[in-house]
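Topology and contacts: notes
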Amino acid sequence: MNYNYHTHTTRCGHASGTEREYIERAIEGGLQYMGFSDHATFVFPDGFESHYRVPLAQAPDYFETISALREEYKDRIDIKIGFEMEYYPAHFDAMLKLVKELGAEFLILGQHFIGNEHPDGRHTYGRNDSTADLKEYVDCVVKGIQSGAFTYVAHPDVFSFVGDDAVYKTEMRRICEASKACGIPLEINFLGIREGRRYPTSLFWEVAGEVGCPVTFGFDAHEIAAAYDGESLKVAEEMVAKYGLNYVGKPEVREL
């Protein structure tokens, strides 16, 4: 594995280490392609800013700092600067406009909330047996895929559904089929592997193997050591073999 486009910075409030340290770790691990994709800056219409995003006031520094490092390391690694962003039906156009204006070169889709997040969104990580919420989550991911704005889908199996397995597989098939139709890969997320989270989810990847949708890997690095995570890579490679996944390797970066 010589790439990783899922890297965060301290500006999101839940990561540690400097950008330089992440880059050095990536190079040490043999990466040739790297993307910084911290949580996308967005100010809701009422002025609210989510606590886990790059604040608008810090966005210029995000691009300036990484741009300078990219130039410094250009002979050792190819670096792109983008964001991890949701598809919120009520705000997507405004979100996309803002990140483009800030200078984002690419996006990965990470759907952390059901609905539009604020003021009444529900987080995808908590255990949830609501079929309606599951369908709404899938609708957003599918529309995000179909928008053509995203390079790939981060942790597509993040929704912690604890209802009927048959319903879950039916809905996840919609994501996998959209991924295949549009050529947008789905990510096996290494943060989930490292921390033993509810994802990667076996039921999801069984469906992905059946559909044959494109699959890629992402370190989802929030700390220096995770900028190259060889142990999780072994697990991900075992998953590819176990579920017969269509692993495509380095994703084609869709520039904005």
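Now for a quick tour of the structure. Residue numbers here run from 1 along each chain, matching the order of that chain's written sequence. For this predicted model, a pLDDT threshold of at least 70 governs which residues receive local features, and a threshold of 80 or more governs which side-chain atom pairs are given and counted, while totals over whole chains, interfaces and linings are taken from all residues. Where side-chain values are given, they derive from all heavy atoms of the structure, hydrogens and water being excluded.

On to the pattern of salt bridges, then. We define a salt bridge as a contact between a side-chain nitrogen of Lys or Arg and a carboxyl oxygen of Asp or Glu at a distance within 4 Å. Taken as a whole and judged by the stated rule, the model has 20 salt bridges. In this structure, E136 engages R122 in a salt bridge whose closest nitrogen and oxygen atoms are separated by 3.1 Å. In this pair, E136 is assigned in helix α4 (residues 131–147) and R122 in strand β6 (residues 122–123), connecting sequence segments 14 residues apart. Residue R122 is classed as partly exposed on the basis of its relative accessible area, which comes to 30%. We note a salt bridge from K169 to E206, for which the minimum N-O separation is 3.7 Å. One end of the pair, K169, is in helix α5 (residues 165–182); the other, E206, is in helix α7 (residues 202–211), with 37 residues separating them in the sequence. Residue burial is assigned from relative accessible area. The probe radius is 1.4 Å, only protein chains are included, and a residue is buried under 20% of its type maximum, exposed over 50%, and partly exposed in between. Here E206 falls in the partly exposed class, since its relative accessible area comes to 31%. Put simply, K135, D139, E171 and R174 are held in one network by salt bridges that share partners. A run of DSSP states H or I qualifies as a helix once it reaches four residues; a run of E qualifies as a strand once it reaches two. Both are numbered from the N-terminal end.

Of the two faces of strand β8 (residues 186–189), the one lined by L186 and I188 and the one lined by E187 and N189 are each fully buried. By the bridge criterion, 4 bridges tie β8 to strand β9 (residues 214–218) in an arrangement that is parallel. Within the sheet, the bridge partner assigned to I188 lies in β9 and is F217. By definition, two strands form a pair when at least two bridges between them are found by DSSP.

Helix-helix packing: each pair is described by the crossing angle between the helix axes and the interaxial distance. Angles run from 0 to 180 degrees between N-to-C directions of axes, and those axes are lines fitted to C-alpha atoms, restricted for helices to the stretch in contact. Their axes nearest at 10 Å, the elements helix α1 (residues 19–28) and helix α2 (residues 59–72) cross at an angle of 35°. Once α1 is placed against α2, the crossing between them reads as right-handed. For the pair α1 and α2, contact is made by E19, R20 and I23 and by T65, I66, L69 and E72, respectively. Under the scheme applied here, ten amino acids are nonpolar (Ala, Val, Leu, Ile, Met, Phe, Trp, Tyr, Cys and Pro), four are charged (Asp, Glu, Lys and Arg), and all others, including Gly, are polar. Taken together, the residues of the contact of α1 with α2 sort by class into 3 nonpolar, 1 polar and 3 charged. What makes a crossing left-handed is the near helix being turned counterclockwise from the far one by less than a right angle; a clockwise turn instead makes it right-handed. Here a residue-residue contact requires only that any non-hydrogen atoms of the pair lie within 4.5 Å.

Coordinates in, geometry out; function isn't part of it.
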